[in-house]
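Given next are the chains, with one letter for each unit.
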Amino acid sequence: MVATMQTTHYRSCPLCEATCGVAITVDGNRVVSVRGDDDDPFSRGYICPKGTALADLHADPDRLKRPVVRDGDGWREVGWDEAFDLVASKLNAIRARHGKHAIAVYQGNPSAHNLGLLTYGQLLLRTLGTKNSYSATSLDQLPHMLAALLMFGNQLLMPVPDIDRSDLFICLGANPLASNGSIMTAPDVKSRLKAIRERGGRVIVLDPRRTETAEKADQHVFIRPGTDAALLLAMVHVLFAENLVKLGRLRANGLDELRRASTQWTPERAAQITGVSAADIRELARALATTKRAVLYGRIGVCTQEFGGLAAWLCYAINALTGHLDEVGGLMFTTPAVDPLPLAAMLGFDGGFDRYRSRVSQKPEFGGELPVTVLAEEIETPGQGQIRALITSAGNPVLSAPGGPRLEKAFAGLDFMVSIDPYINETTRLAHVILPPTSPLERSHYDAALNAFAVRNVAKYSPPLFERDEHARHDWEICLALWTRLGTPRHLGPGSWLVQRLLGKLGPEPIIDLALRTGPHRLSLAKLRAAPHGLDLGPLESRLPKRLATKDKALQLAPERYLQDLARLDLLGSPADGLVLIGRRHLRSNNSWMHNSERLVKGPPRCTLMIHPDDAASRQLADGGRARISTTTGAIELPVEVTDAIMPGVVSIPHGWGHGRRGVKLRVASEHAGESVNDILDPARIDELSGTSALTGQRVEVRRA
Ligand SMILES: Nc1nc2c(c(=O)[nH]1)N[C@H]1C(S)=C(S)[C@@H](COP(=O)(O)OP(=O)(O)OC[C@H]3O[C@@H](n4cnc5c(=O)[nH]c(N)nc54)[C@H](O)[C@@H]3O)O[C@H]1N2
Ligand SMILES: Nc1nc2c(c(=O)[nH]1)N[C@H]1C(S)=C(S)[C@@H](COP(=O)(O)OP(=O)(O)OC[C@H]3O[C@@H](n4cnc5c(=O)[nH]c(N)nc54)[C@H](O)[C@@H]3O)O[C@H]1N2
Ligand code: SF4
Ligand SMILES: [Mo]
């Protein structure tokens, strides 16, 4: 046997919101194994298969190590300074000629899992002064953020379920057993849900599919996609009609308005629309109101639909009406070691809604961003303010945003495009320059964003595991290099060049150290370094009214925006014949980007069409056969999976596939290419209130291929 020098190191997994502790055993520069860290007080040894694949990401031969510049049909490696200078000269020239709004930015999901992008990335990308700022937010949690802003006064004040102390967990439009939880950082949700049942509590799932989470619940109820707002309004109706409203100690405005808004929404009316029986609707409202520690948790299924704004608002409002907002076992606000509110303000992430609108189709701004639904038209439409250049950072909008083919065509026509990304994928292959950052194992990490949504207050610092190669650059270094070449942000004032020089020497650690020291737990990086498994800072605590950022320190139960939007809901009737489409997530996947790990993609194809046996039979579709799925936007063909786990009238396709596009340099992913559901989703279908894309509930035609 060969003698080896193996050592084990403790870190956080940065791949999803669960923030599991991992124990990584290495031999020199090689990862020997990645296991769950039994001594992490929060994740207690749990990890999912993606955590293990951290090793694959690090060793992936397709991961870029140096900047590349497009050269005809191929790519040419260049030095960092050459790449930075090239990007800056192109962007500066475009800005000088066409103005600052001609440069667009798209920030993707891993931005929230990357300390460098959370700090320096925001400094660069939020201070360019462009109205054309985009992110995955409008494909995701925008309705929750809007509700937080309008009801609690700050877009980051999104409350989380106190799952460990709840005795009734109603789960609407979320599948945490596949997603590992979202706006609910809770490693090993499966055990946490099991614990609810073991202490005599109940778990109820409302979902158009009997999901992995539903399989482990006490009760699963099918709900028609896109109808949650009707269900929730009928629950509000029942609460008022049966005298079950109890706000407790919270001072709130809008109670009467909310009552009036719900008068016409009887459970019988909502039953016609939602497919949930009137008896079940009453039962849900009563159970929530009469269980001392209970919570209604709604996530992406309620956000990314045509009534996402209303549904997200009503989820929060119902928790408040039943006395579960800011109470133990209910929906609570966290006390993270790094308070994200001052940090976000410092980095230029100000709240605000509809302060301006998009140039072409007048869609509302949120937090300084426009919804992705308008990105293609803002590139295509000539005139003052037309987008000429694009910076993408940690995002893959060609696969993740509806209307992918239109977006890729638009990107290909840009004067200049640069991507900060480790891979040549469906989006970045269209860039002129790609700037690849270090791997997660080569950089330090602190979950400044996700800890703010954790079901316990926790803190953990991960130093870099491997020293970075001298030719590699961290995301923060890339952002800083561009920032210094693209000019200084105005909001930091006249001394901002000094700030830049100073920041250049620092890196993200001192920023986090300062935030920890001034945070509510008075921690420091030194204290966290001394606790490699992480610190448990205790259960969530009631934080209202102090934490409210509303002007009068009262809860806003019925903001005017929502009351106006209810007119749209009034038009919703019984469903038409035909099929509507929903998505789904799989434990061994991560949006569009971890399909280059063999261990994650092996096995039967996962990019399939799920369809109910009755709907399959009426279309002569057999399990394992092929179906053609089409909309007015496009058509794709997929293998068929016939299952009664899906509601009749509903079909399901996962997102993030479609790696067969020309020029993609992902060897493993291309062999498991699948098709992109966003090739057929219509980008024009949105939640009119918030601008969020409707990723669920769109009508599709299905026939035998
Ligand atoms: N139909 C449909 N579409 C959806 C969804 C859905 O449910 N259905 N879900 C939506 C949701 S919730 C989201 S969040 C979006 C996600 O959409 P996006 O954020 O646009 O895309 P991701 O698939 O997360 O791609 C992440 C990109 O970041 C790169 N990357 C990974 N790590 C790093 C890093 O550390 N630094 C840098 N610079 N780059 C990195 C990867 O190579 C990849 O290119 O998709 C949305 N799209
Ligand atoms: N394994 C894995 N984990 C992930 C990701 C991933 O791609 N793969 N992505 C990460 C990201 S970016 C996010 S945002 C989170 C999302 O985390 P979750 O919100 O838990 O996302 P999903 O697993 O897609 O669950 C959404 C559920 O909503 C249901 N649904 C669809 N339409 C409707 C509807 O109209 N009404 C109701 N009530 N339900 C509906 C779907 O059937 C699905 O079961 O997951 C994160 N974690
Ligand atoms: S659940 Fe999320 S954080 Fe935990 S190991 Fe898996 S990907 Fe990493
Ligand atoms: Mo997301």
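Residues numbered from 1 in each chain as written. Chains lettered and ligands numbered in written order. Predicted model: local features only at pLDDT ≥ 70, side-chain atom pairs only at ≥ 80, totals over all residues. Heavy atoms only, no water.

**Quick word on the sheet that holds strand 7 (residues 133–135)**
Move 1: With mixed pairing, seven strands are arranged side by side in an open sheet as 5-4-19-18-17-6-7. Each edge of the open sheet carries a strand with a single partner, namely strand 5 (74–77) and strand 7. Geometrically, the sheet is characterised by an average inter-axis angle of 20° between neighbouring strands, direction not taken into account.
Move 2: In terms of strand pairing, strand 17 (residues 389–393) meets strand 18 (residues 416–420) through five bridges, oriented parallel. Its bridge partner lying in strand 18, Ala-389 is registered against Phe-416.
Move 3: Sitting on the sheet, helix 3 (residues 80–98) is in contact with strand 4 (68–71), strand 5, strand 6 (103–107), strand 17, strand 18 and strand 19 (433–435), with an inclination near 125° to strand 19.
Move 4: Seen against the sheet, helix 19 (residues 475–486) touches strand 18 and strand 19 and runs at an angle of roughly 150° to strand 18. (Pairing = 2+ DSSP bridges. Helix = DSSP H or I, 4+ residues; strand = E, 2+ residues; numbered from the N terminus. Axes fitted to C-alpha atoms, helices over the stretch in contact; angles between N-to-C directions. Contact = heavy atoms within 4.5 Å.)

**Considering helix 14 (residues 308–321)**
Move 1: Here helix 14 contains 14 residues, and its C-alpha end-to-end distance of 20 Å stays within 8% of the 20 Å for a straight helix at 1.5 Å per residue.
Move 2: Most of helix 14 is tucked away: 14 of the 14 residues are buried.
Move 3: Backbone geometry just after helix 14 places Gly-323 at a positive phi near 75°. (Expected span 1.5 Å × (residues − 1). Buried < 20%, exposed > 50% of the residue type's maximum accessible area, 1.4 Å probe, protein only.)

**Let's talk about the packing of aromatic side chains**
Move 1: This model, assessed by the stated rule, comprises seven aromatic pairs.
Move 2: Taking the centre distance of 5.4 Å and the plane angle of 40° together, the rings of Trp-80 and Phe-84 count as tilted. Of this pair, Trp-80 and Phe-84 are both found in helix 3, four residues apart, which corresponds to roughly one turn of the helix. A single burial state applies to Trp-80 and to Phe-84, both of which are buried.
Move 3: A centroid spacing of 5.1 Å and a plane angle of 85° characterise the contact between Phe-152 and Phe-333, whose relative ring orientation is edge-to-face. Taken together, the residues Phe-152 in helix 5 (residues 142–152) and Phe-333 in the loop between strand 14 (331–332) and helix 15 (340–346) connect sequence positions 181 residues apart.
Move 4: Residue classification places Phe-333 among the buried positions, given a relative accessible area of 3%.
Move 5: Here the aromatic cluster, defined as three or more aromatic residues joined through ring pairs, consists of Phe-152, Tyr-316 and Phe-333.
Move 6: Positioned over the ring face of Trp-265 is Arg-269, at 3.6 Å from the centre of the ring. (Phe/Tyr/Trp six-rings, centres within 6.5 Å; stacked < 30°, edge-to-face > 60°. Lys NZ or Arg CZ within 6 Å of the ring centre and 35° of its normal.)

**Brief notes about the side chain of Thr-334**
Move 1: With respect to the helices and strands, Thr-334 occurs in the loop between strand 14 and helix 15.
Move 2: Within polar-contact distance, the side chain of Thr-334 engages the backbone oxygen of Ala-452 at 2.6 Å.
Move 3: Not counting the four nearest positions on each side in its chain, Thr-334 is found in contact with Val-160, Asn-451, Ala-452, Phe-453, Ala-454, Asn-457, Leu-540 and Arg-543. (Polar contact = N/O pair within 3.5 Å; in protein donor to acceptor, adjacent residues only side chain to side chain.)

**Concerning the site of ligand 1**
Move 1: Neighbouring ligand 1 are 32 residues; Tyr-106, Asn-109, Ser-400, Asp-421 and Ser-592 lie closest to it.
Move 2: Here a nitrogen atom of ligand 1 and a backbone polar atom of Ser-400 are 2.7 Å apart.
Move 3: In this structure, Ser-592 approaches ligand 1 through a side-chain N or O atom, which is 2.5 Å from an oxygen atom.
Move 4: Calculation on ligand 1 without its partners gives an accessible area of 920 Å², and the protein chains cover 96% of this total.
Move 5: Its residues assigned to classes, the shell around ligand 1 comprises 16 nonpolar, 11 polar and five charged.
Move 6: In this structure, the shell around ligand 1 is formed jointly by two domains, domain 2 (68–130 + 345–447 + 458–536) and domain 4 (579–704), each of which donates at least three residues. (Near = heavy atom within 4 Å. Areas by Shrake-Rupley, 256 points an atom, 1.4 Å probe, with all protein chains shown as cover. Nonpolar A, V, L, I, M, F, W, Y, C, P; charged D, E, K, R; others polar. Domains from an automatic or database assignment.)

**So, the site of ligand 2**
Move 1: Ligand 2 sits among 31 residues. The nearest are Ser-179, Asp-207, Asp-228, His-586 and Asn-591.
Move 2: For ligand 2, a nitrogen atom lies 2.8 Å from a polar atom in the backbone of Ser-589.
Move 3: Notes on ligand 2: free accessible area 920 Å², of which the protein chains cover 97%.
Move 4: At the level of elements, helix 6 (176–179) and helix 13 (300–303) are the ones that each hand at least two residues to the shell around ligand 2.
Move 5: A class-by-class count of the residues in the shell around ligand 2 yields 11 nonpolar, 14 polar and six charged.

**Let's talk about the pairing of strand 3 (residues 30–36)**
Move 1: The pairing of strand 2 (residues 21–27) with strand 3 spans six bridges and is classified as antiparallel. In the sheet register, Asp-27 faces strand 3, and the bridge partner there is Arg-30.
Move 2: Taking the residues that link successive antiparallel strands as the turn, the strand 2-strand 3 hairpin has two residues, and the phi of Gly-28 there is positive, at about 65°.

**Some points on the nonpolar core**
Move 1: In terms of nonpolar packing, the biggest core is built from 101 residues, with Phe-152, Phe-169, Leu-206, Leu-232 and Trp-313 touching the most fellow members.
Move 2: When residues in this core are grouped by element, the largest group, 11 residues, is from helix 9 (residues 228–241).
Move 3: Here this core gathers at least three residues from each of two domains, domain 2 (68–130 + 345–447 + 458–536) and domain 3 (142–335 + 546–569).
Move 4: Here Trp-313 is in contact with Ala-147, Met-151, Leu-258, Leu-557, Ala-558, Pro-559, Tyr-562, Leu-563 and Leu-566, once residues within four sequence places are set aside. (Core = buried A, V, L, I, M, F, W, Y, C linked by side-chain atoms within 4.5 Å.)

**Observations concerning unusual backbone geometry**
Move 1: The omega torsion across Leu-544 and Pro-545 is 5°, close enough to zero to call that bond cis.
Move 2: The topology assignment puts Pro-545 in the loop between strand 23 (535–539) and strand 24 (555–556).
Move 3: Within the chain, Ala-394 stands out as a residue other than glycine whose phi angle is a positive 55°.
Move 4: Tracing the backbone through its elements, the reader meets Ala-394 in the loop between strand 17 and helix 17 (397–400).
Move 5: For Ala-394, a relative accessible area of 14% translates into the label buried.
Move 6: Of note in the backbone geometry, Lys-553 takes a positive phi value of approximately 55° without being a glycine.
Move 7: Tracing the chain through its elements places Lys-553 in the loop between strand 23 and strand 24.
Move 8: Its relative accessible area of 38% is what places Lys-553 among the partly exposed residues.

**As for the side chain of Thr-392**
Move 1: Following the sequence through the fold, Thr-392 ends up in strand 17.
Move 2: Apart from residues lying up to four places away in sequence, Thr-392 is in contact with Tyr-106, Met-417, Val-418, Ser-419, Ile-420 and Thr-427.

**Considerations on the sheet that holds strand 3**
Move 1: With respect to topology, three strands assemble into an open sheet ordered 1-2-3, the strand pairing being antiparallel. Where the open sheet ends on each side, the last strands, each with one partner, are strand 1 (6–12) and strand 3. Mean inter-strand twist for the sheet, computed between neighbouring axes without regard to direction, equals 25°.

**Describing helix 5**
Every α-helical turn comprises 3.6 residues, leaving residues that sit three or four positions apart pointing alike.
Move 1: Across the 11 residues of helix 5, 10 count as buried, placing the element largely inside the fold.
Move 2: Among the residues of helix 5, Leu-142, Pro-143, His-144, Met-145, Leu-146, Ala-147, Ala-148, Leu-149, Met-151 and Phe-152 are the ones counted as buried.
Move 3: Backbone geometry just after helix 5 places Gly-153 at a positive phi near 95°.

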